[in-house]
Amino acid sequence: MHLIAPKQLQKAASQYPDTKIWIQNFCKTIKFATWQNLIEVQETFNTAESVGDFTVFNVKGNNYRLILSIDYEAQVAYFKYFLTHAEYDKEFWKDDPYY
C-alpha cells in the first residue's frame, strides 16, 4: 500500500510528541500492507472503522484519530487528517468533498 503524503502526516502529528513512535510504526506497516478491504485493515489495526468514504484509525488509546482515504484496488492510501479526539468530534472533517 502506498501512502500519499507521509511527510504531511508526520508534520500534522509532530505537535503531539507522544504519537511519534506510533506514526513511524504505522508508516512502516502500511508500506508492506496489501489490504483489499476494511476487514483486512482491522486484522492489523483492530480499532479501524469506516466512516463515510474514509477509514478512521484510533491512535494512542483513542486520544487521536488518523483519517485516510483508501483505494484498495490501486493500493493507495491518502492521508487526510490527524486530529485529537476533541477535534474529531467537532466533525469539520466531514465537510471534505471526498467524505
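Just above sits the structure.
Okay, so let's go over this structure. Nothing here was measured: the structure is a model prediction, and the numbers come from that model.

Considering the overall build of the protein chain
In terms of helices and strands, the protein chain carries four helices and five strands. Since a compact globule built from 99 residues should have a radius of gyration of about 13 Å, the 12 Å found for the protein chain is in line with a globular shape. If you line up the protein chain on its principal axes, its C-alpha atoms span 30 × 30 × 25 Å. Across the 99 residues that make up the protein chain, the buried fraction comes to 43%. At a minimum sequence separation of 6, the contacts of the protein chain that also span at least 24 residues come to 45%. Looking at the protein chain as shown, the accessible area adds up to about 5900 Å², and 50% of this sits on carbon and sulfur atoms.

Brief notes about the sheet that holds strand 5 (residues 76-84)
Within the open sheet, the five strands sit side by side as 1-5-4-3-2. Their pairing is mixed. If you trace the sheet from one side to the other, it starts and ends with strand 1 (2-4) and strand 2 (49-51), each paired once. Pairwise comparison of adjacent strand axes, ignoring direction, gives a mean angle of 35 degrees for this sheet. Across three bridges, the pairing between strand 2 and strand 3 (residues 54-59) is antiparallel. Within strand 3, the residue paired with Val51 across the bridge is Phe54. Running over the sheet, helix 1 (residues 6-13) touches strand 1, strand 4 (64-71) and strand 5 and is turned about 10 degrees from strand 5.

Things to note about the packing of aromatic side chains
Under the definition given, this model contains 12 aromatic pairs. With a centroid separation of 5.3 Å and an interplanar angle of 10 degrees, the aromatic rings of Trp22 and Phe26 are classed as stacked. In this pair, Trp22 and Phe26 both sit in helix 2 (residues 20-32), four residues apart, roughly one turn of the helix. A relative accessible area of 0% means that Phe26 is categorised as buried. Centre to centre, the rings of Phe26 and Phe57 are 5.2 Å apart; their planes meet at 70 degrees, and the pair counts as edge-to-face.

Rules behind the numbers
Residues numbered from 1 in each chain as written. Predicted model: local features only at pLDDT ≥ 70, side-chain atom pairs only at ≥ 80, totals over all residues. Heavy atoms only, no water. Helix = DSSP H or I, 4+ residues; strand = E, 2+ residues; numbered from the N terminus. Rg over C-alpha atoms; globule rule 2.2 N^0.38 Å. Buried < 20%, exposed > 50% of the residue type's maximum accessible area, 1.4 Å probe, protein only. Contact = heavy atoms within 4.5 Å. Areas by Shrake-Rupley, 256 points an atom, 1.4 Å probe, with all protein chains shown as cover. Pairing = 2+ DSSP bridges. Axes fitted to C-alpha atoms, helices over the stretch in contact; angles between N-to-C directions. Phe/Tyr/Trp six-rings, centres within 6.5 Å; stacked < 30°, edge-to-face > 60°.

Any functional reading would require information beyond the geometric quantities listed.
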